[in-house]
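Here is what each chain is made of, one letter per residue.
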Amino acid sequence: MNIIGIIPARMASTRFPDKPMAKILGIPMIGHVYYRSRMCKLLNDVWVATCDQEIFDYIRSAGGKVVMTADTHERASDRAAEAMKKIEQETGKKIDIVVMIQGDEPMLFPEMIDLAVKPMIDNTGIDIVNLMGKIKTREEQEDPNTVKVVVDLQGFALYYSREPIPSWKKGAKSVPMLKQVPIIPFKRDFLLKFNHLTPTPLEIVESVDMMRVLEHGYKVKMVLEEFETYAVDTPGDLIKAESVMKSDRLVSEYRR
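No experiment lies behind these values; they were computed from the predicted model shown.

J.: How should I be thinking about the overall build of the protein chain in this particular structure?
T.: Summing up its helical and strand segments, the protein chain has 11 helices and 12 strands in all. Its C-alpha atoms give the protein chain a radius of gyration of 17 Å, near enough to 18 Å, the size a compact globule of 256 residues would have. Relative to its full complement of 256 residues, the protein chain shows a buried share of 54%. Of the contacts formed within the protein chain by residues at least 6 apart in sequence, a portion of 68% connects residues at least 24 apart. When the accessible area of the protein chain is evaluated, it comes to approximately 12200 Å², of which 51% is carbon and sulfur surface. Averaging the coordinates of the 36 positive side-chain charges in the protein chain and doing the same for the 37 negative ones gives two points 3 Å apart.

Written as structure tokens, this is what we have:
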């Protein structure tokens with residue numbers, strides 16, 4: 001199977017402008033995500049998809065693969081879909097699975113990508129997978145930058161929200177509090193289908209792309225990962241990530 005990682009990235013983040021090029025231990029954040037994704041042996045290739053010349057030039061200078069996309073995309077999945085078609089044209093190879101990897105996960109481990117893709121390889125009936133992690137503090141549960149998710153007994157997503165779900169007061173001890181981790185494998189044709197689906201009311205209200213999948217009646221398989229990682233949504237998160245990454249085993253491998 002031809003399995004490709006695509007990292008959508010743009011400078012115009014509303015919460016943290018110029019975030020992809022913010023440096024952690026001297027390396028732009030998008031560089032950390034690219035280098036670490038490329039360590040996953042399950043991926044045939046990794047590309048960055050961007051509409052910004054600064055990101056494009058940096059990835060090229062680092063010896064990476066990058067594709068320029070339109071600057072009108074509001075969703076990462078739209079950018080990934082455009083990039084996928086351009087990559088197919090450039091390489092002459094049809095892609096089977098696209099792993100969409102958010103550019104604000106500088107602490108991701110390549111094994112996380114393995115975990116996300118495995119259910120799709122094992123079960124041909126699964127079109128989309130999303131990683132999830134455990135929420136360990138009340139503060140994180142209440143943070144609107146953290147996308148919460150609840151799942152059914154078979155591990156499929158029931159609902160995503162930036163609000164605290166389920167009830168912390170009633171469920172903290174008996175129900176795991178879970179968050180979305182934005183590593184999302186799509187089957188090729190389902191990514192194209194997803195981006196042709198009409199945006200949905202709850203997707204807009206919650207500001208979570210995956211709600212579009214659920215509202216149109218499709219399923220998202222959730223997979224639990226237990227790596228210690230932090231997404232970077234604010235300058236404060238950047239400081240926290242840098243502090244932790246000083247002792248990270250992978251950083252030394254790609255800083256050589």
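After that view of the structure, there is still more to cover.
J.: Help me understand the pairing of strand 5 (residues 65–68), please; the structure alone is not making it clear to me.
T.: Consecutive side chains of a regular strand alternate in pointing toward one face of the sheet and then the other. As paired strands, strand 4 (residues 45–50) and strand 5 are joined by four bridges and run parallel to one another. Bridging across to strand 5, Val 48 finds its partner in Val 66. Considered for its hand, the β-α-β crossover made up of strand 4, helix 2 (residues 53–61) and strand 5 is right-handed.

J.: Just to check I follow, could you spell out the environment of Ile 24 for this structure?
T.: The topology assignment puts Ile 24 in strand 2 (residues 23–24). The exposure class of Ile 24 is buried, given its relative accessible area of 0%. Note: C-alpha distance between Ile 24 and Glu 242 (218 residues apart in sequence) is 5.5 Å.

J.: In this structure, what is going on with the sheet that holds strand 10 (residues 178–181)? I would like to understand it.
T.: Strand pairing in a sheet relies on backbone hydrogen bonds, with the paired strands running either antiparallel or parallel. One open sheet holds the five strands; their spatial order is 9-8-10-7-12, and the pairing between them is mixed. Taken across any chain shown, the strands that pair with only one partner, and hence form the sheet edges, are strand 9 (157–161) and strand 12 (221–224). Each neighbouring strand pair of the sheet contributes to a mean axis angle of 40°, computed without reference to strand direction. Here two bridges tie strand 8 (residues 148–151) to strand 10, and the two strands are oriented antiparallel to one another. In the strand pairing of strand 10, Val 149 is matched with Leu 178. Where helix 4 (residues 110–122) meets the sheet, its contacts fall on strand 7 (129–134), strand 10 and strand 12, and the angle it forms with strand 7 comes to roughly 130°.

J.: Looking at this structure, I do not really get the packing of helix 3 (residues 76–91) against helix 7 (residues 188–196). What am I missing?
T.: To characterise two packed helices, one gives the angle between the axes of the helices and the distance between these axes. Where helix 3 contacts helix 7, the two axes come as close as 9 Å, and the packing angle between them is 135°. With respect to their mutual orientation, helix 3 and helix 7 come out oblique. The handedness of the crossing between helix 3 and helix 7 is left-handed. Each of Ser 77, Asp 78, Ala 80, Ala 81, Met 84, Lys 85 and Glu 88 in helix 3 lies in contact with helix 7, whose residues at this interface are Arg 188, Leu 191, Leu 192, Phe 194 and Asn 195. Residue classes in the contact of helix 3 with helix 7 are distributed as six nonpolar, two polar and four charged.

J.: Is there a simple way to think about the environment of Lys 134 in this case?
T.: Structurally, the position occupied by Lys 134 is in strand 7. Overall, Lys 134 belongs to the partly exposed group, its relative accessible area being 41%. When the C-alpha positions of Lys 134 and Gly 236 are compared, they lie 21 Å apart, and in sequence the two are 102 residues distant.

J.: Would you mind going over the pattern of salt bridges with me for this structure?
T.: When the charged atoms of two side chains with opposite charge come close together, those side chains can pair. Enumeration according to the criterion identifies 16 salt bridges in this entry. Here Glu 226 and Lys 134 are joined by a salt bridge, their closest N and O atoms 3.9 Å apart. In this pair, Glu 226 is assigned in the loop between strand 12 and helix 10 (235–245) and Lys 134 in strand 7, connecting sequence segments 92 residues apart. Between Asp 189 and Arg 188 there is a salt bridge whose closest N-O contact spans 2.8 Å. By relative accessible area, which is 16% here, Arg 188 ends up buried. Via salt bridges that share partners, Arg 75, Glu 203, Asp 209 and Arg 212 belong to a single interconnected network.

J.: Would you explain helix 3 in this entry?
T.: An α-helical turn contains 3.6 residues, so a residue and the one three or four places further along point in the same direction. Spanning 16 residues, helix 3 covers 22 Å between terminal C-alpha atoms, matching the ideal 22 Å at 1.5 Å per step. For helix 3, the elements touching its buried residues are strand 1 (3–9), strand 4, strand 5, strand 6 (97–101) and helix 7. Of the residues trailing helix 3, Gly 92 is marked for its positive phi of about 75°.

J.: Hey, could you run me through the sheet that holds strand 5 in this one?
T.: The five strands are arranged 5-4-1-6-11 in an open sheet whose pairing can be described as mixed. Of all strands in the sheet, those bounded by a partner on one side alone are strand 5 and strand 11 (183–187). Mean inter-strand twist for the sheet, computed between neighbouring axes without regard to direction, equals 30°. Bridge count between strand 1 and strand 6: four bridges; the pairing is parallel. Bridged to Gly 5 within strand 6 is Val 99.

Cut-offs and rules
Residues numbered from 1 in each chain as written. Predicted model: local features only at pLDDT ≥ 70, side-chain atom pairs only at ≥ 80, totals over all residues. Heavy atoms only, no water. Helix = DSSP H or I, 4+ residues; strand = E, 2+ residues; numbered from the N terminus. Rg over C-alpha atoms; globule rule 2.2 N^0.38 Å. Buried < 20%, exposed > 50% of the residue type's maximum accessible area, 1.4 Å probe, protein only. Contact = heavy atoms within 4.5 Å. Areas by Shrake-Rupley, 256 points an atom, 1.4 Å probe, with all protein chains shown as cover. Lys, Arg positive; Asp, Glu negative; His and termini not counted. Charge placed at Lys NZ, Arg CZ, Asp CG, Glu CD. Pairing = 2+ DSSP bridges. Right-handed = clockwise from strand over helix to strand, strands pointing away. Axes fitted to C-alpha atoms, helices over the stretch in contact; angles between N-to-C directions. Parallel < 35°, antiparallel > 145°, perpendicular 65-115°, else oblique. Left-handed = near helix turned anticlockwise from the far one by under 90°. Nonpolar A, V, L, I, M, F, W, Y, C, P; charged D, E, K, R; others polar. Salt bridge = Lys/Arg side-chain N within 4 Å of Asp/Glu carboxyl O. Expected span 1.5 Å × (residues − 1).

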